[in-house]
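# Structure at a glance
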Amino acid sequence: MWIESGPLERLSRAVERYRFDPRVGEIGQVDSVGDGIAWVTGLPSAAAEEILRFEDGSRGMVFELQSERLGVILLDPLADVTSSSRVVRTGRRLEIGTGEGALGRVLDPLGRPLDGAPPFHAEGLGALETASPPIMARDFVDTPLYTGIKVVDTLIPIGLGQRQLIIGDTGTGKTALALDAVIAQVGQGVRCVVVLIGQKRSEAARVVDVLRRYDALGHTTVVVAEATATPGMKYLAPFAGCAIAEGWMRRGLDTLVVYDDLSSHARAYRELSLLMHRPPGREAYPGDIFYLHARLLERATHLAKQHGGGSLTALPIVQTEEGEIAAYIPTNLISITDGQIYLDRRLFAAGVLPAVDVALSVSRIGGKAQHPRVKREAGTMKLAYLQFLELEVFTRFGTKLEAGAEAKIARGRLLREILKQDRLSPMPPAFQLAWMTAFGAGLLDRVEAHEVSGALERIRAGLAGEPSIGLDMPRELWLERLPHWLGSAA
């Protein structure tokens, strides 16, 4: 009886139903391989960005479609792919694991661990290449993302879902500023992804160590395509980081992605395109270099509540040479993003840290992403600071100024001292509002330049003694407490 109704019976029925039908498949062949790419023939139905499987079990991604052959990026560094190796299609696109298991991990652009720990348990898969959210799925950018950096949170505010470019020469503190923003999210519920493109292994290790020392690695995923990686892996790195962040965003969470840096990404894409025999354009970059970064950064957004309400904030970093902000790649990125923070080498050399040039920095979201009380105190602060910078030029020539101009210069110099900040020392939002209120009320006007740091420390100590104080406290109560905290300085 078991034979009649058991596995043997089911097998016999399957044999009866089987029909000999022709099956058509495609088996390709590698024509040549080198520099991290392979040229493949015999797969006319392969699609762009499709994953191919080579004879040795390694994978590749279709990058270039030509009439007779395919340009394929090799995805496995130890692949044993040679000329005449067989290749088959998989019909799948490249995806990376997403979820809480990615927090605290250091991964390569394919999601493979680089920290020596076993692979994490993925709660889902995110496509590296996917369309950005449509307009109707987006909401207004109106919620602040606090970076803990005084000059940014007050004069160049960033909102959840914004794309804010960090731009400057080598060694001006771009990475430090971005890491400050990541460290400031400790305890704020914002998941972070730091993408390192073309960095030395020692630099990547330093970034991971900084995040660990400041307890920021627990809410951060680090995606690394180091300097020795193939151009294909460097090309995929920012898309991998974006896919991980999108997994959280679609679950209604707030995320922050740092792309360090897109200059290296553009160079890797140029190298990859030239290897694929694509026609070069300006500065040998391919014609679609603008679309490359546009389709990446357009995925940063604040989703509407009916679509989960999550957000993805992007802080792309781009490098300039000799302060040339009008270079090809920087101007492309400036036109794509919602503003830029420009770091100036001369300010850095003068000890004004962070070396943010307020005149060339802008946030197109502006006060819309500030708390109402912070917005009120910030008010015309940026305009007054810019006026001070213009007036200060005249003092270099010994020009005698009227009393009103002298007062503006004195307050501008005071504000410049206040805005100075040590690296890797983000400030809480309540402290930002406290010093702005004190400055706006004139409580710091009698403070000398060398006394500014001490006055700010007294404000911080006062806030620490009253942890219940927040941004919603009325201005009158701030003005009652601040003179007491400042003591004789007020």
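Placed above this text is the structure.
So, a few notes on the structure that sits alongside this text. Quick caveat, the model's predicted, so the values are computed rather than measured. (Residues numbered from 1 in each chain as written. Predicted model: local features only at pLDDT ≥ 70, side-chain atom pairs only at ≥ 80, totals over all residues. Heavy atoms only, no water.)

Let's shift gears to the nonpolar core. L211, W435, L444, I459, L463 and W478 are the most contacted members of the largest nonpolar core, which has 75 residues in total. In terms of residue count, helix 14 (residues 429-440) provides more of this core than any other element does, eight residues in total. When residues no more than four places from it in sequence are discounted, the contact partners of W478 are A430, L433, A434, T437, L463, I469, G470, M473, P483 and W485. Of all hydrophobic cores here, the second largest spans 58 residues; its members include L103, I197, V223 and L236. (Core = buried A, V, L, I, M, F, W, Y, C linked by side-chain atoms within 4.5 Å. Buried < 20%, exposed > 50% of the residue type's maximum accessible area, 1.4 Å probe, protein only. Helix = DSSP H or I, 4+ residues; strand = E, 2+ residues; numbered from the N terminus. Contact = heavy atoms within 4.5 Å.)

So, on to the pattern of salt bridges. Within this structure, the stated rule accounts for 28 salt bridges. Residues R13 and E9 are paired through a salt bridge, measuring 2.4 Å at the closest nitrogen-oxygen approach. In this pair, R13 and E9 are both assigned in helix 2 (residues 7-17), four residues apart and thus about one turn of the helix distant. Residues E392 and R416 are paired through a salt bridge, measuring 2.7 Å at the closest nitrogen-oxygen approach. Here the residue E392 occupies a position in helix 12 (residues 381-395), and R416 occupies one in helix 13 (residues 403-419), the gap between them amounting to 24 residues. The buried category is assigned to E392, whose relative accessible area is 10%. One network of salt bridges, in which partners are shared, links E100, E123, R191 and R251. (Salt bridge = Lys/Arg side-chain N within 4 Å of Asp/Glu carboxyl O.)

Note on placement: E226 falls in the loop between strand 12 (220-225) and helix 6 (231-249). Side chain to side chain, E226 and R201 meet in a polar contact 2.7 Å long. Excluding its chain neighbours within four sequence positions, the residues that come into contact with E226 are G198, Q199, R201 and K234. (Polar contact = N/O pair within 3.5 Å; in protein donor to acceptor, adjacent residues only side chain to side chain.)

Glancing now at the environment of G124. Within the secondary structure layout, G124 lies in strand 9 (residues 124-127). The sequence separation of G124 and I244 amounts to 120 residues, and the corresponding C-alpha distance is 9.6 Å. Ignoring any residue separated from it by four or fewer positions in sequence, one finds G124 in contact with I96, G97 and T98.

For helix 4 (residues 174-183), a buried count of ten out of ten residues is recorded, marking the element as mostly surrounded by other parts of the structure. Within the sequence span of helix 4, burial applies to K174, T175, A176, L177, A178, L179, D180, A181, V182 and I183.

We now examine unusual backbone geometry. Here D260 and D261 are connected by a cis peptide whose omega angle stands at -5 degrees. In this structure, D261 sits in the loop between strand 13 (254-260) and helix 7 (262-275). The omega angle of the peptide bond from L353 to P354 is -5 degrees, so this bond is cis rather than trans. For P354, the position within the fold is in the loop between helix 10 (345-349) and strand 16 (362-363). For D35, which is not glycine, the phi dihedral falls at a positive 60 degrees. Within the secondary structure layout, D35 lies in the loop between strand 1 (27-34) and strand 2 (37-41).

What follows deals with the sheet that holds strand 3 (residues 50-54). Hydrogen bonds between backbone atoms are what pair the strands of a sheet, whose relative direction is either parallel or antiparallel. Strand order around the closed barrel formed by six strands is 1-2-5-4-3-6, with antiparallel pairing between neighbours. Strand-to-strand, the axes of this sheet are offset by a mean angle of 45 degrees, without reference to chain direction. Where strand 4 (residues 59-65) lies against strand 5 (residues 70-74), five bridges are found, and the strand directions are antiparallel. When the sheet's bridge partners are listed, G60 is paired in strand 5 with L74. Each of strand 2, strand 4 and strand 5 touches helix 7; the most contacted strand, strand 2, lies at about 35 degrees to it. (Pairing = 2+ DSSP bridges. Axes fitted to C-alpha atoms, helices over the stretch in contact; angles between N-to-C directions.)

Spatial strand order, 8-12-11-13-14-10-15-16: eight strands in an open sheet with mixed pairing. Sheet topology places strand 8 (106-107) and strand 16 at the edges, where each strand pairs with a single neighbour. Examined bridge by bridge, strand 11 (residues 190-197) and strand 13 share seven bridges and lie parallel to one another. Within strand 13, the position partnered with V193 by the bridge is V257. The strands that helix 9 (residues 328-336) touches are strand 10 (165-168), strand 14 (311-319) and strand 15 (339-343); relative to strand 10, the one it contacts most, it runs at about 155 degrees.

No statement about biological role is implied by the geometric values presented.
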